[in-house]
Amino acid sequence: MRSFAGRDILSLKDFERHEFFRCFEVAQRLEPYARDRRNGDLLKEKTLVVAFYQPSTRTRLATEAAMHRLGGHVTGFSDAKMTRAGDFYQESIKDTVNMLEYYGDVIAMRHYQQGAPAEAAKYASVPVINCGDGWGEHPTQVLTDMFTIWREKGRLDGLSFLLVGDMRMRTMHSISYAMTKFDIKAYYVCPPDMALTPEFKAEIKDMGLQFEEAESVEQVVDKVDVIYMEPVVQPDYTKSRDERKGDVGLTPKEYQITKDLLFRKAKPDAMVLHSLPRMDELSLDVDTTRHQRYWVEAYNGVLMRMALLALVLGAVE
Ligand code: CP
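Scope of this entry: the structure provided in the associated data block.

Thresholds applied
- Residues numbered from 1 in each chain as written.
- Predicted model: local features only at pLDDT ≥ 70, side-chain atom pairs only at ≥ 80, totals over all residues.
- Heavy atoms only, no water.
- Helix = DSSP H or I, 4+ residues; strand = E, 2+ residues; numbered from the N terminus.
- Buried < 20%, exposed > 50% of the residue type's maximum accessible area, 1.4 Å probe, protein only.
- Contact = heavy atoms within 4.5 Å.
- Lys, Arg positive; Asp, Glu negative; His and termini not counted.
- Charge placed at Lys NZ, Arg CZ, Asp CG, Glu CD.
- Near = heavy atom within 4 Å.
- Polar contact = N/O pair within 3.5 Å; in protein donor to acceptor, adjacent residues only side chain to side chain.
- Pairing = 2+ DSSP bridges.
- Axes fitted to C-alpha atoms, helices over the stretch in contact; angles between N-to-C directions.
- Salt bridge = Lys/Arg side-chain N within 4 Å of Asp/Glu carboxyl O.
- Right-handed = clockwise from strand over helix to strand, strands pointing away.
- Core = buried A, V, L, I, M, F, W, Y, C linked by side-chain atoms within 4.5 Å.
- Phe/Tyr/Trp six-rings, centres within 6.5 Å; stacked < 30°, edge-to-face > 60°.
- Lys NZ or Arg CZ within 6 Å of the ring centre and 35° of its normal.

**A few points about the overall build of the chain**
Part 1 of the argument: In terms of helices and strands, the chain carries 10 helices and 9 strands.
Part 2 of the argument: Once the C-alpha set of the chain is aligned to its principal axes, its extents read approximately 55 × 45 × 40 Å.
Part 3 of the argument: Across the 317 residues in the chain, those meeting the buried criterion constitute 56%.
Part 4 of the argument: Sequence-distant contacts in the chain: of pairs separated by 6 or more residues, those separated by 24 or more amount to 74%.
Part 5 of the argument: Of the charged side chains in the chain, 42 are positive and 48 negative; the average position of the first set lies 3 Å away from that of the second.

Next comes the structure, spelled out in structure tokens:
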């Protein structure tokens, strides 16, 4: 079994099945810190460096909160414009990382450029955690999602997932890789111009994923145990920042989940996950239904980041 100690967390493509369960087990073991709102000392001699080149609410703060809960220290930046990477010098990832590795023991990076955390990992002598790279991948979010599903359903094998939204999105790539490690049937629903690429479809098929594509959530929502959502009204994830300018449009009903749809067609125990933030694809009235699991997903995000930090820093065996 590969050790997590010193390892980069860059992609779920090469994550082994038993490694998901290892992360789940450690997350559960560390849960009392988050549940009881207290900080321990497991990582008291360690420092997390956050290097966020793109906006974030959940990923950065959950990772920082996880480090605080384990008694560690946090430094870094959440706006690259205030660093030399974002001003006149446009300092390279290589030169930036060659500095950051001396400031802490693990680097959590979000970047607008796909592959940037992998490039950072080539130069860093400390573990690098990919916190979202362009349209590429978002492994810590999807580990959180899979953990949430496993906790709620008690299993991953034998479940059916509906994936709805923009399939170019990094979460959709990571969850597709994750699903290949389990006996999961997937249904993808997205606008034609936001579909998985033929190359990616061939790759996940080759990795053993059973999947179908459908034109609307209405067609398949009755078949699934898990509804996993992303907006179709999206910013450009290859930009460091994409401000809203004027009208951004509405989500067609084919890609919307509403309370009415869930009550009419969904399985009684179907659960809705959304990595958030949302636009109008997930109506507010779903928040008060029994199907909603995106708020507990936020709590689980702290547990999963505690587990990942403790594992890559070698604080748990
Ligand atoms: N889910 C997610 O990645 O949210 P943030 O962009 O707020 O980190």
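**Here's the deal with the site of the ligand**
Part 1 of the argument: Near the ligand the following residues occur: S56, T57, R58, T59, R110, H138, Q141, S275 and L276.
Part 2 of the argument: Between S56 and the ligand, the recorded distance is 2.6 Å, taken from a side-chain N or O atom to an oxygen atom.
Part 3 of the argument: In the model, an oxygen atom of the ligand is placed 2.6 Å from a nitrogen or oxygen of the T59 side chain.

**As for the sheet that holds strand β6 (residues 185–189)**
Part 1 of the argument: Sheet architecture is open: 5 strands sit in the order β7-β6-β5-β8-β9, paired in parallel fashion. For this open sheet the edge positions go to β7 (210–214) and β9 (271–274), each flanked by a neighbour on one side alone. The average undirected angle you get between the axes of adjacent strands in this sheet is 20 degrees.
Part 2 of the argument: When β6 meets β7, the two strands line up parallel, connected through 5 bridges. Paired with Y187 across the bridge in β7 is E212.

**Details of the sheet that holds strand β3 (residues 106–111)**
Strands belonging to one sheet form pairs held by backbone hydrogen bonds; the direction of such a pair is parallel or antiparallel.
Part 1 of the argument: Sheet architecture is open: 4 strands sit in the order β2-β1-β3-β4, paired in parallel fashion. Edge positions in the sheet fall to β2 (73–77) and β4 (128–133), since each has one partner strand and no second. For this sheet the average axis-to-axis angle between neighbouring strands, irrespective of direction, equals 15 degrees.
Part 2 of the argument: Note: strand β1 (residues 47–52) against β2, 5 bridges, orientation parallel. The partner of A51 across the bridge, within β2, is F77.

**Some points on the pattern of salt bridges**
Part 1 of the argument: The full count for this structure, using the stated rule, is 24 salt bridges.
Part 2 of the argument: R2 is the partner of E19 in a salt bridge, and the nearest nitrogen-oxygen pair spans 2.9 Å. Taken together, the residues E19 in helix α1 (residues 17–35) and R2 in the segment before α1 connect sequence positions 17 residues apart.
Part 3 of the argument: Across the pair R38 and D36 runs a salt bridge, and its minimum N-O distance is 3.8 Å.
Part 4 of the argument: Judged by relative accessible area, which is 40%, R38 ranks as partly exposed.
Part 5 of the argument: Several salt bridges converge on common partners, so that one network encompasses R2, R7, E16 and E19.

**Here's the deal with the pairing of strand β5 (residues 160–164)**
For a regular strand, side chains alternate in direction, first toward one face of the sheet and then toward the other.
Part 1 of the argument: Burial analysis of β5 places 5 of its 5 residues in the buried class, the great majority of the element.
Part 2 of the argument: Here β5 shows no split at all, with S160, L162 and V164 on one side and F161 and L163 on the other all buried.
Part 3 of the argument: Pairing of β5 with β6, which is carried by 5 bridges, proceeds in the parallel orientation. If you follow F161 over to β6, its bridge partner there is A186.
Part 4 of the argument: The parallel pair β5 and β6, bridged by helix α6 (residues 170–179), forms a crossover whose chirality is right-handed.
Part 5 of the argument: Where β5 and strand β8 (residues 226–229) come together, 4 bridges link them in parallel fashion. If you follow L162 over to β8, its bridge partner there is I227.

**Notes on the nonpolar core**
Across soluble globular proteins, you tend to see nonpolar side chains buried next to one another.
Part 1 of the argument: If you look at the biggest cluster of nonpolar residues, it comprises 67 residues, and the most contacted ones within it are M146, F161 and L163.
Part 2 of the argument: Considering each element in turn, this core owes the most residues, 10 residues, to helix α10 (residues 294–312).
Part 3 of the argument: The contact partners of M146, leaving out residues within four places of it in the chain, are F20, F24, L156, F161, I175, A178, F182 and I184.
Part 4 of the argument: By size, the runner-up hydrophobic cluster in this structure holds 25 residues, among which are L162, V232, V233 and V272.

**Here we look at the packing of aromatic side chains**
Part 1 of the argument: Within this structure, the stated rule accounts for 15 aromatic pairs.
Part 2 of the argument: Between Y53 and F77, the aromatic rings sit 5.3 Å apart at their centres with planes inclined by 85 degrees, giving edge-to-face as the arrangement. Of this pair, Y53 sits in the loop between β1 and α2 (58–69) while F77 sits in strand β2; the two residues are 24 residues apart in sequence, bridging distant segments of the chain.
Part 3 of the argument: The buried category is assigned to Y53, whose relative accessible area is 7%.
Part 4 of the argument: For F77, a relative accessible area of 12% corresponds to the buried category.
Part 5 of the argument: The interplanar angle of 50 degrees and the centroid separation of 5.2 Å between the aromatic rings of W135 and Y237 together place this pair among those described as tilted. Here Y237 lies in the loop between β8 and α9 (259–265) and W135 lies in the loop between β4 and α5 (139–153), a separation of 102 residues in the sequence. Each member of the pair, W135 as well as Y237, carries the same accessibility label: buried.
Part 6 of the argument: Cation over ring: R7 sits above F4, and NZ or CZ is 4.5 Å from the ring centre.
Part 7 of the argument: For the cation-ring pair, R7 lies above F15, with the distance from its terminal atom to the ring centre recorded as 5.5 Å.

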